[in-house]
Each structure stands twice: as C-alpha cells, then as structure tokens.
Amino acid sequence: MKVGDLICDKMYPPPHHCELALIIEVRPPQRTGHPYVVLTPKGLIQHFGREYIETKCEVVSEAR
C-alpha cells in the first residue's frame, strides 16, 4: 500500500459500516513500529503497524 491509497478494514467492507481512511505517509520500518500514517474520516491522524494495514485492510481506491 502506498501514499494516497484509500483503505478500509476487511471486516467492515464498503458500503456497510466501513470507515475509509487515507494513507498520507509511509515511514521507513526501522524508524517506528507504526510506519503507516493515516487520515481518518474524523480528521484525525493515526499511526498503524505494518501487519494491520497490510493484512487486515484492503485498498478501496488506489492512488494514481
């Protein structure tokens, strides 16, 4: 997954109860345990680990 991808948790696929989120930064893995920086629908910026984003989320709209 890359910056600009719109993602959603696989357990709550769209359009049912899915909160879409936008990947706004992917940090080098050695810098932090939570390399994915995501903008949530509520306007919050949150950090997530590689395992959650890459295995439990799916890309709804891929960045161009």
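Residues numbered from 1 in each chain as written. Predicted model: local features only at pLDDT ≥ 70, side-chain atom pairs only at ≥ 80, totals over all residues. Heavy atoms only, no water.

Caption draft 1: Main features of the pairing of strand S3 (residues 36–39). Relative to S3, strand S2 (residues 21–26) runs antiparallel, the two sharing four bridges. Within S3, the residue paired with Glu 25 across the bridge is Val 37. Of the strand pairs in this sheet, S3 and strand S4 (residues 45–48) are connected by four bridges, and their pairing is antiparallel. Paired with Val 38 across the two strands is Gln 46, which belongs to S4. Counting the residues that bridge the hairpin from S3 to S4 gives five residues, and of these Gly 43 lies at a positive phi of roughly 85°. (Pairing = 2+ DSSP bridges. Helix = DSSP H or I, 4+ residues; strand = E, 2+ residues; numbered from the N terminus.)

Caption draft 2: Local environment of a nonpolar patch on the surface. On the surface, Ile 24, Leu 39 and Ile 45 cluster together into a nonpolar patch covering about 230 Å² of accessible area. Relative to the helices and strands, Ile 24 resides in strand S2. (Patch = residues over 30% accessible without salt bridge, like charges linked within 9 Å, V, L, I, M, F, W, Y side chains within 5 Å. Areas by Shrake-Rupley, 256 points an atom, 1.4 Å probe, with all protein chains shown as cover. Salt bridge = Lys/Arg side-chain N within 4 Å of Asp/Glu carboxyl O.)

Caption draft 3: Structural detail: the sheet that holds S4. Across the sheet, five strands lie side by side as S4-S3-S2-S1-S5; this open sheet has antiparallel pairing. Two strands close off the open sheet at either side, each with one partner strand: S4 and strand S5 (57–61). Between one strand axis and the next, the sheet turns by 45° as a mean value, whatever way the strands run. Pairing geometry for strand S1 (residues 6–9) and S5, over four bridges, is antiparallel. (Axes fitted to C-alpha atoms, helices over the stretch in contact; angles between N-to-C directions.)

Caption draft 4: Just the layout of surface pockets, in detail. Here the largest pocket is characterised by a volume of approximately 290 Å³. Every residue lining the largest pocket is counted, 18 residues in all, and those nearest its centre are Asp 9, Glu 19, Ala 21, Phe 48 and Tyr 52. Those elements giving two or more residues to the lining of the largest pocket turn out to be S1, S4 and helix H1 (50–56). Broken down by element, the residue count for the lining of the largest pocket peaks at three residues, all from S1. Considered class by class, the residues forming the lining of the largest pocket number twelve nonpolar, three polar and three charged. (1 Å grid on protein atoms, 1.4 Å probe; cavity = no way out; pocket = protein on both sides within 12 Å on 5 of 7 lines; lining within 4 Å. Points joined across faces, edges and corners; volume = space filled by probe spheres on them. Nonpolar A, V, L, I, M, F, W, Y, C, P; charged D, E, K, R; others polar.)

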